[in-house]
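Understanding the architecture of this molecule
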Amino acid sequence: MATDTGPGTRQLGDLTVSAQGLGCMGMSQSYGSGDEAESIATVHRAIDLGVTLLDTANVYGDGANEELVGRAVAGRRDSVVLATKFGIVRDADGRQGVRGDPAYVRRCLEESLRRLGVDHVDLYYQHRVDPDTPIEETVGALKELVDAGSIRHYGLSECSADTLRRAHAVHPPAAVQSEWSLWTRDIEDAVAPACAELGVGVVPFSPLGRGFLTGTITSAGQLGEGDMRRGLPRFAEDNLAANLAVVDALGVLAQRRGVTAGQLALAWVQSRGEHVVPIPGTKRRGYLEQNVAAATLELSGDELAEIEAAAPASAVAGARYPQHLQRNVGR
């Protein structure tokens, strides 16, 4: 498949972005050691290919990822739509919590703008919903930042449909970011329909199942000691056999179509609607080019049915997250 064909554009509410974005988290954490030069080259290649939406967060690498993205877009700020996040906090022992109080929202943005080296963020997400701060208060603070021009739009991440509706009543978000792929389809029950109803975009992260749906991971032993996937139930050895069967079935269909299993899985996510903009993450130009090529891969109704039959959500073994992380999802 050609790699110099741009992904086109889609709408996240009133925000125009490329039909596929780039998740930058793995450049600084979670999936093994990083390579700053290759990561920056990957961002530059993404821009050259027409990918405008770059996704980071203040918590990725404890701020290092925002700094990396800032260096990558220096001199090219007008070519990109910068998305970052606030809300996840960690204590001294690394345990995860959430904050969404207005003072914290404002302070986090000031810090993110400094690390990114910009005067505004195009899309500012609440990374997880704070159970101790009413969503109306958090969105009220975000609306003030929109009015001040410090952010252009805001979004929510891993929220419930009820929270989305309450937030929308205060000020419409541009997007909801949530995990969505062939092996993670929880969003389809209530959140995705609510987004479609309210005119809110959806930004699926991990659309390739944290790399598993590409077929390149066949054993937990392939993952380095610092790789977060070692702690995820779906990558546990006792779940891998069932999950590999799903990937193998997907690979048969991909071979018939002349694409990779990852490209087929990503094209399936792209097919979920014109308001859906996946952000596959990578820190290497080669994988980026494969992903972008999938943005223009059109699937027939019969092919979509075959893909879903080959990779039904019911066949996936293991939960998305361990319990201590899952509790912060879907509030």
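What comes next is a walk through the structure. Treat the numbers as computed from the prediction; the structure is a model and nothing was measured. (Residues numbered from 1 in each chain as written. Predicted model: local features only at pLDDT ≥ 70, side-chain atom pairs only at ≥ 80, totals over all residues. Heavy atoms only, no water.)

As for the state of the cysteines
Rules: The definition used for a disulfide is geometric: two cysteine sulfur atoms within 2.5 Å.
In the structure shown here, the tally under the stated rule is zero disulfides. Here C24 stays free of any disulfide, with the sulfur of C108 as its closest cysteine sulfur at 19 Å.

Topic: the pattern of salt bridges
Using the following cut-off: A pair is scored as a salt bridge if a Lys or Arg side-chain nitrogen falls within 4 Å of a carboxyl oxygen belonging to Asp or Glu. For helices the rule is a DSSP run of H or I covering at least 4 residues; for strands it is a run of E covering at least 2, with both sets numbered from the N terminus onward. Exposure is judged per residue with a 1.4 Å probe applied to protein chains only, and the accessible area is read against the type maximum: over 50% gives exposed, under 20% gives buried, and values in between give partly exposed.
Summed over the entire model, instances satisfying the criterion amount to 25 salt bridges. Between D55 and K85 there is a salt bridge, with its nearest N and O atoms 2.5 Å apart. With D55 in strand β4 (residues 53-55) and K85 in strand β5 (residues 81-86), the pair connects residues that are 30 residues apart, well separated along the chain. Judged by relative accessible area, D55 falls into the buried class, the value being 4%.

Focus on empty space enclosed by the protein
The following threshold applies: In this analysis the probe radius is 1.4 Å and the grid spacing 1 Å, with only protein atoms considered; a cavity is a set of points the probe fits into but cannot get out of, a pocket is an open set with protein on both sides within 12 Å along at least five of seven lines, and lining residues have an atom within 4 Å of a point. Grid points are joined across faces, edges and corners, and a volume is the space filled by probe spheres set on the points. Under this grouping Gly is polar, as are all residues other than the nonpolar Ala, Val, Leu, Ile, Met, Phe, Trp, Tyr, Cys and Pro and the charged Asp, Glu, Lys and Arg.
The final tally for this structure, using the stated rule, is one cavity of 30 Å³ or more. If you add up the space inside the largest cavity, you get close to 40 Å³. In this structure, the largest cavity is lined by E179, W183, T184, R210, L232, R234, F235 and R320. Class assignment of the residues belonging to the lining of the largest cavity gives a composition of three nonpolar, one polar and four charged.

Some remarks on the environment of F235
What counts is decided by this rule: Note on contacts: a residue pair is in contact if any heavy atoms of the two residues lie within 4.5 Å.
Within the secondary structure layout, F235 lies in the loop between β11 (201-205) and α7 (237-257). Look at F235 and you get buried, because its relative accessible area is 3%. Considering only alpha carbons, one finds F235 and V329, 94 residues apart in sequence, at a separation of 19 Å. Leaving out residues up to four positions away in the same chain, F235 has contacts with W183, G209, R210, F212, I217, A220, L223, R229 and L240.

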